[in-house]
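# Coordinate inspection notes
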Amino acid sequence: MTAAEAFSPPHDPYKLGHGHAPSRPHAPGHGEGGPAPKRIVVGFGFWIFLLSDIVMFAGFFAGYAVLHGATAGGPTGAQLFDWRNTAIETACLLLSSFTCGLAGAAVGARKSSWFYLAMTATFLLGATFIALEAREFEGLVALGAGPTRSAFLSAFFTVVGCHGLHVTVGLLWLLTMMAQIRAKGFRADILRRFLCFSLFWHALDIIWVALFTVVYLWGAQP
């Protein structure tokens, strides 16, 4: 063995003895081994929120299905529901989903004027839906068919009122999105918020279709 071999370090393929660690594998996410990008975290969290909301409404539907015949001698759905009013409500909400989709297309094209026009139409349709629903509730209470009259009416006011509360929150969120885009433009963080809003609004339309079927169509059967 030569002197150079005697004093040379042992075989060190990763150069651990020279202050070099083995290269770390690149982890998916924001940077090497870092957290996921914010858009992924926000999107994942919002989908969890939507799914939990759908589960909540599923519980309300199940409760209504059990209690829709428990009228306690009071009026039934067939005697109370105004089909003309409900049809107008449904048309307004479904049209608002279409105009919300137009607003999303305007965002993709960065057309602010079309965005404000579509969002204004969405707001007016949603506000009309809420006004019609409030008039329906007022008429039922005036007839003595309030939420305390029977278990059937308690379930009806709970599920329909909860959906109306969600639409009201969506209208406030809509106004906030219009104000933010007007003040800050089509920034990446604003676009993420608008995407969440549009998902929320379309989910409300899907829930209303289920609500209309379970509460108004099936629940009004004698």
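Here we summarise the structure given alongside this text. Nothing here was measured: the structure is a model prediction, and the numbers come from that model. (Residues numbered from 1 in each chain as written. Predicted model: local features only at pLDDT ≥ 70, side-chain atom pairs only at ≥ 80, totals over all residues. Heavy atoms only, no water.)

### A few points about the packing of aromatic side chains
Put simply, the test is: Pairing of aromatic side chains here covers Phe, Tyr and the six-membered ring of Trp, requires ring centres within 6.5 Å, and sorts the geometry by plane angle: under 30 degrees stacked, over 60 edge-to-face, intermediate tilted. In this description a helix means any DSSP run of H or I spanning at least four residues, a strand means any run of E spanning at least two, and both kinds are numbered starting from the N terminus. Relative accessibility thresholds used throughout: buried, under 20% of the residue-type maximum; exposed, over 50%; partly exposed, between the two (1.4 Å probe, protein chains only).
Within the structure shown, the criterion is met by 23 aromatic pairs. For the pair Trp 173 and Phe 200, a centre-to-centre distance of 5.6 Å together with 45° between the ring planes defines the contact as tilted. One end of the pair, Trp 173, is in helix α6 (residues 151-184); the other, Phe 200, is in helix α7 (residues 188-218), and 27 residues separate them in sequence. On the basis of relative accessible area, Trp 173 is assigned to the partly exposed category, the value being 24%. Given the relative accessible area of 5%, Phe 200 is considered buried. Ring geometry for Trp 208 versus Tyr 216: centroids 6.0 Å apart, planes at 50°, classification tilted. Counting every residue linked through ring pairs, the aromatic cluster contains Phe 46, Phe 49, Phe 115, Tyr 116, Trp 173, Phe 186, Phe 194, Phe 197, Phe 200 and Trp 201.

### Examining the packing of helix α5 (residues 112-142) against α6
To be explicit about the condition: Structural elements are reduced to axes, namely lines fitted to C-alpha atoms, with helices fitted over the stretch in contact, and the angle between N-to-C directions of any two is expressed from 0 to 180 degrees. What sets the label is the angle itself: under 35 degrees gives roughly parallel, over 145 gives roughly antiparallel, 65 to 115 gives roughly perpendicular, and the rest give oblique. The crossing is said to be left-handed when, going from far helix to near helix, the turn is anticlockwise and less than a right angle, and right-handed when the turn is clockwise. Put simply, Ala, Val, Leu, Ile, Met, Phe, Trp, Tyr, Cys and Pro go in the nonpolar bin, Asp, Glu, Lys and Arg in the charged bin, and everything else, Gly too, in the polar bin.
Closest axis-to-axis distance for the α5/α6 pair is 10 Å, and the angle between their directions is 155°. Here α5 is positioned roughly antiparallel relative to α6, judged by the angle of their axes. Classified by chirality, the crossing of α6 by α5 is left-handed. Broken down by class, the residue content of the contact of α5 with α6 amounts to 20 nonpolar, 7 polar and 3 charged.

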